Amino acid sequence: MTTIPDLTAESTSDRRIKSFRAIPSPDTIRNELPLTQRRALAVQSDRDQIADILAGRDDRLLVVVGPCSVHDPIAALDYARRLAPLAVEYADRLKIVMRVYFEKPRTTVGWKGLINDPGMDGTFDVERGLRTARSLLLDIIDLGLPVGCEFLEPTSPQYIADAVAWGAIGARTTESQVHRQLASGLSMPIGFKNGTDGNVQVAVDGVKAAAAQHVFFGVDDFGHGAVVETAGNEDCHVILRGGTTGPNHDAASVDAAVAALAKASLPARVMIDCSHANSGKDHVRQSEVAAEIAADIRSTREAGRPSQISGVMLESFIEAGAQSPDARPLTYGQSVTDKCMGWEVSASVLATLARS
Ligand SMILES: O=C[C@H](O)[C@H](O)COP(=O)(O)O
Ligand SMILES: C=C(OP(=O)(O)O)C(=O)O
């Protein structure tokens, strides 16, 4: 005999939710770890410089460089201390932003980053993750470095975005209306990756959609459900990261992306991600891709033309390669997600880019 469940109105909802855990509001965490006026001035100045580079008003190259993901704030700060002097040394040619990625979009499942699971042990202490992430951002800003983050959860930016100078929407979310709406309200320039299948048009569409004003569901600074109205973000751009069909950092792919942007009446300039599908996720190949881009920029400029490449992205950490997030003990300064270039190679790639 089949038992028919007694479904009351209450029992039809949340049937697959195991629990709800309240977390402090964005306002509470921001007050605990304040940006301060000095840091706010630095963040806004960095955002303005980045927007000028993306728009072609400043002919420096934007370089977003750092680990694939942050799992150990001490190692991330150690990396930042190495990067900060190079940012000063090359400041007349490169605008260096440290990649400080706390949220990882997964192809299927896997560790989702420091905010989601700071202990990397399945305890999902999001409250600790938010505080650790914000505190690290403030420490890196104090070293004089601007920070760049990928935004994945629609409500997490309110906890950290005031400290962020540049942001990304990843390949797996670039076609998502929720992320395009989010980008339309973010206060910093945002790069949209092409899709994992190599489709660049979805990124161009993302840039166009984010430039428009939107009204959508969100959460306010006090954690209350709210209707959010945005002004639109005109400082967005495309990031070419390659796809399942192969790399797209070559001149023909850049020309095609630029043509698609021009057709959409958007600034005809792109950032190139030297990692991911442009390097086949091979950290050794990444430095070769960067060298090819540097040569391309140099020859374009020597021909008296402005380069269509306004920025590059590099995945770099202290130790080369990657390890499993389940490894114990973990190797200090090595990625637990995608393979990264080690510090020495990273420093020489930055020197090559500066010479371009
Ligand atoms: O940049 C990191 C990864 O490429 C991205 O998060 C996807 O990772 P996965 O395919 O290992 O899930
Ligand atoms: C996840 C990332 O890249 P993509 O979205 O291009 O896969 C990343 O840059 O960390």
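The structure displayed is predicted, hence computed values, not measured ones.

### Quick look at the overall build of the chain
- From N to C terminus, the chain includes ten helices and ten strands.
- Summarising its shape, the C-alpha atoms of the chain cover approximately 80 × 50 × 50 Å along the three principal directions.
- The buried share of the chain, taken over its 356 residues, is 51%.
- Taking contacts inside the chain between residues at least 6 apart in sequence as the whole, the part at least 24 apart equals 68%.
- Taken as a whole, the chain presents about 16100 Å² of accessible surface, with 52% of it coming from carbon and sulfur.
- Distance between charge centres in the chain, computed from 36 positive and 45 negative side chains, equals 2 Å.

### Quick notes on the packing of helix 3 (residues 73–89) against helix 4 (residues 126–142)
- Here helix 3 crosses helix 4 at 15°, and the two axes come no closer than 10 Å. As the angle between them shows, helix 3 and helix 4 are arranged roughly parallel. By crossing handedness, the relation of helix 3 to helix 4 is classed as right-handed. Residues Pro73, Ala76, Leu77 and Ala80 of helix 3 form the contact with helix 4, whose own contacting residues are Thr132, Leu136, Asp139 and Ile140.
- Taken together, the residues that form the contact of helix 3 with helix 4 break down as six nonpolar, one polar and one charged.

### As for the side chain of Ser279
- Following the sequence through the fold, Ser279 ends up in the loop between strand 9 (270–273) and helix 9 (283–302).
- Once residues within four sequence positions are removed from consideration, Ser279 is found in contact with Cys274, Arg285, Gln286 and Val289.

### A closer look at the pattern of salt bridges
- All told, the structure shown has 17 salt bridges when counted by the stated rule.
- For Glu315, the salt bridge is made with Arg99, and the minimal N-O distance between the two is 3.0 Å. Separated by 216 residues along the polypeptide, Glu315 in strand 10 (residues 309–315) and Arg99 in strand 2 (residues 94–99) bring together distant segments of the chain. Take Glu315 and Arg99: they sit in the same class, and that class is buried.
- Connected via shared salt-bridge partners are Glu32, Glu127 and Arg131.

### Description of the packing of helix 2 (residues 36–55) against helix 4
- With their axes 10 Å apart at the nearest point, helix 2 and helix 4 run at an angle of 75° to one another. In this view, helix 2 runs roughly perpendicular relative to helix 4, as classed from their interaxial angle. Each of Arg38, Arg39 and Val43 in helix 2 lies in contact with helix 4, whose residues at this interface are Leu138, Ile141 and Asp142.
- Split by residue class, the contact of helix 2 with helix 4 holds three nonpolar, no polar and three charged.

### Structural notes on the UniProt feature "domain: DAHP synthetase I/KDSA" (unreviewed entry) in the chain
- Following the UniProt record, the feature "domain: DAHP synthetase I/KDSA" (unreviewed entry) maps to residues 49–349 here.
- As a span, residues 49–349 carries 35% helix and 17% strand, and end to end its C-alpha atoms are 22 Å apart.

### What to know about the sheet that holds strand 2
- Spatially, eight strands are ordered 1-2-3-4-5-8-9-10 in a closed barrel, and the strand pairing comes out parallel. Neighbour-to-neighbour, the strand axes of this sheet turn through a mean angle of 30°, independent of strand direction.
- With three bridges connecting them, strand 3 (residues 147–150) and strand 4 (residues 166–169) associate as parallel partners. Each residue of the ladder has a partner; that of Cys149, found in strand 4, is Gly167.

### Re the site of ligand 1
- By nearness alone, every residue bordering ligand 1 is listed as Cys68, Lys104, Pro105, Arg106, Thr107, Arg172, His276, Lys281 and Asp338.
- In the environment of ligand 1, an oxygen atom lies 3.3 Å from a nitrogen or oxygen atom belonging to the side chain of Lys104.
- A distance of 2.9 Å separates an oxygen atom of ligand 1 from a polar atom in the side chain of His276.
- Coverage of ligand 1 by the protein chains reaches 84% of its 340 Å² of free accessible surface.
- For the shell around ligand 1, the per-class residue count stands at two nonpolar, two polar and five charged.

Definitions and limits used
Residues numbered from 1 in each chain as written. Chains lettered and ligands numbered in written order. Predicted model: local features only at pLDDT ≥ 70, side-chain atom pairs only at ≥ 80, totals over all residues. Heavy atoms only, no water. Helix = DSSP H or I, 4+ residues; strand = E, 2+ residues; numbered from the N terminus. Buried < 20%, exposed > 50% of the residue type's maximum accessible area, 1.4 Å probe, protein only. Contact = heavy atoms within 4.5 Å. Areas by Shrake-Rupley, 256 points an atom, 1.4 Å probe, with all protein chains shown as cover. Lys, Arg positive; Asp, Glu negative; His and termini not counted. Charge placed at Lys NZ, Arg CZ, Asp CG, Glu CD. Axes fitted to C-alpha atoms, helices over the stretch in contact; angles between N-to-C directions. Parallel < 35°, antiparallel > 145°, perpendicular 65-115°, else oblique. Left-handed = near helix turned anticlockwise from the far one by under 90°. Nonpolar A, V, L, I, M, F, W, Y, C, P; charged D, E, K, R; others polar. Salt bridge = Lys/Arg side-chain N within 4 Å of Asp/Glu carboxyl O. UniProt positions renumbered as here; feature names shortened; annotations may be inferred. Pairing = 2+ DSSP bridges. Near = heavy atom within 4 Å. Polar contact = N/O pair within 3.5 Å; in protein donor to acceptor, adjacent residues only side chain to side chain.

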